[in-house]
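Now for the letters of each chain:
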Amino acid sequence: MPEGHTVHRTANQFNEQFAGKALTIDSPQGRFSAGAAMANGLILNRAFAVGKQLFLELQGGLFIRIHLGIYGKWRWYQGKAVAKALQDEPVGQVRARFYTDTAMADLRGPTVCEVIVAEEADRVRDQLGPDPLNDDPSGLELARFIARVQRSKQPIGALLMDQAVISGVGNVYRAELLFRAGIDPYLEGNRLTEEQLRSIWKDAVALMQVGVATGFMITRDDLFESDPSKSERNFVYKREGQPCRICGHEVSIALMQARKLYWCGNCQR
DNA sequence: TACTCATGAGCAA
DNA sequence: TGCTCCTGAGTAG
């Protein structure tokens, strides 16, 4: 489920399993062979996420940038399973494989997996909007988000999907954040108040932290502590034609920038 | 078994 | 706006 919370979980996992260790890196599928050859054997200084992008910072100023896109997935192996997996045929098209004696991560189907230098990593980060999952003690990131939305005439439903406005939010959180805020997804950015935007940001932080903790995009407060089935987790996402969980009004669906948008026309005016 | 759809995003027209 | 990249889960028949 590659929205931002998944990527932060992966960064945490890389830090736990691999930080400070030399990584063996290869590309069973072959499409990352050149990158793997450059990075193989280097020590992982740290892993971090910005929005939906994962950065592996290696010794010597090299970075591996990974973006899962819509299909990308990780598969992890621990302990004895590592040696066994190395003997077996890789499962699926494994673009990149990262491992030590004790842990292994297989990457399949990413949109991006490349080795870059520090300047390129900085350039990519500069293009990304603030990430609700990264610390913001000064409030500067929140201010960036508010300013960026309020100077736009684009609908808020489109702005929340724009990674230069807010990074890490995808189609599920977009729909759910707007529902929880009671905001019409077609309302233009410059018509939202600072208070509304603060509230959306604060809610994004909370919901995405739940996502990091649980691995699931649970957006119904009463279910945060439980383990709801996929169809129960959200208010409006993928619930078109069904009654709104709050008011009973039929949940609507429309395409916004080629992505399916779900909302309740009664609760979100 | 075959087909559709998906949590994303870059690019050409 | 539509096409493309690419993988796999879910569903129809």
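Quantities reported herein were computed from a predicted structural model and do not represent experimental measurements. Every residue gets a number counted from 1 within its own chain, in the order that chain's sequence is written. Lettering for chains starts from A, numbering for ligands starts from 1, and both go in the order in which the items are written. Local features are withheld for residues below a pLDDT of 70 in this predicted model, meaning they are given only at 70 or higher, and side-chain atom pairs are given and counted only at 80 or more; totals for whole chains, interfaces and linings count all residues. For the side-chain quantities, the full set of heavy atoms in the structure was used; hydrogens and water were omitted.

> Any chance you could explain the sheet that holds strand E7 (residues 103-108) here in plain terms?
Where strands meet in a sheet, backbone hydrogen bonds hold them as pairs that are either parallel or antiparallel. Following DSSP output, two strands are said to pair if at least two bridges run between them. Secondary structure counts use DSSP, requiring at least four H or I residues in a row for a helix and at least two E residues in a row for a strand, with both numbered from the N terminus. Overall, antiparallel pairing links the 4 strands, which are arranged E1-E6-E7-E5 in an open sheet. Both edges of this open sheet fall to strand E1 (24-26) and strand E5 (73-78), since each of them pairs with a single strand only. Strand-to-strand, the axes of this sheet are offset by a mean angle of 15 degrees, without reference to chain direction. Sheet topology note: the E5/E7 ladder contains 6 bridges and is antiparallel. By the bridge assignment, Arg75 is partnered in E7 with Asp106. Orientation is described by axes fitted as lines to C-alpha atoms, over the contacting stretch for helices, and by angles from 0 to 180 degrees between their N-to-C directions.

> Could you clarify how one ought to interpret the sheet that holds strand E2 (residues 44-50) in this entry?
Spatial ordering of the open sheet is given by E2-E3-E4-E8, a layout of 4 strands whose pairing is antiparallel. Each edge of the open sheet is held by one strand with a lone partner, namely E2 and strand E8 (112-117). For this sheet the average axis-to-axis angle between neighbouring strands, irrespective of direction, equals 20 degrees. Inspection of the sheet shows strand E3 (residues 53-58) paired to strand E4 (residues 62-67) by 5 bridges, in the antiparallel sense. Directly across from Glu57, in E4, lies its bridge partner Phe63. Whether two residues are in contact is decided by their heavy atoms, any of which lying within 4.5 Å being enough. Of the strands in this sheet, E2 and E3 are in contact with helix H1 (residues 4-18), which crosses E2 at around 170 degrees. On top of the sheet, helix H4 (residues 118-127) reaches E2, E3, E4 and E8; it is set at about 125 degrees to E8, its chief contact.

> For this particular structure, what's the right way to read unusual backbone geometry?
Generally, phi is negative for residues other than glycine and the peptide bonds are trans, each holding for most cases. A positive phi angle, close to 60 degrees, is found at Lys238, a residue other than glycine. Summarising the element assignment, Lys238 is placed in the loop between helix H8 (194-214) and strand E9 (251-256). Among the residues examined, Lys238 registers a relative accessible area of 55% and is labelled exposed. When accessible area is computed with a 1.4 Å probe and restricted to protein chains, residues below 20% of their type maximum are described as buried, those above 50% as exposed, and intermediate ones as partly exposed.

> How should the layout of surface pockets be read in this particular structure?
Leftover empty space is mapped by rolling, across the atoms, a probe with the size of a water molecule. In this analysis a 1.4 Å probe is tested at points of a 1 Å grid over the protein atoms alone, and where it fits but cannot get out there is a cavity; an open set with protein on both sides within 12 Å along at least five of seven lines is a pocket; lining residues have an atom within 4 Å of a point. Grid points are joined across faces, edges and corners, and a volume is the space filled by probe spheres set on the points. Empty space within the largest pocket amounts to approximately 840 Å³. If you go around the largest pocket, you meet 27 residues; those closest to its centre are Glu3, Val172, Met217, Tyr237 and Arg259. Residue type decides the class: Asp, Glu, Lys and Arg count as charged, Ala, Val, Leu, Ile, Met, Phe, Trp, Tyr, Cys and Pro as nonpolar, and the leftover types, Gly among them, as polar. Taken together, the residues of the lining of the largest pocket sort by class into 9 nonpolar, 8 polar and 10 charged. The residue makeup of the lining of the largest pocket includes at least three contributed by each of domain 1 (4-127) and domain 2 (132-264). Reported domain spans reflect what an automatic or database domain assignment gives.

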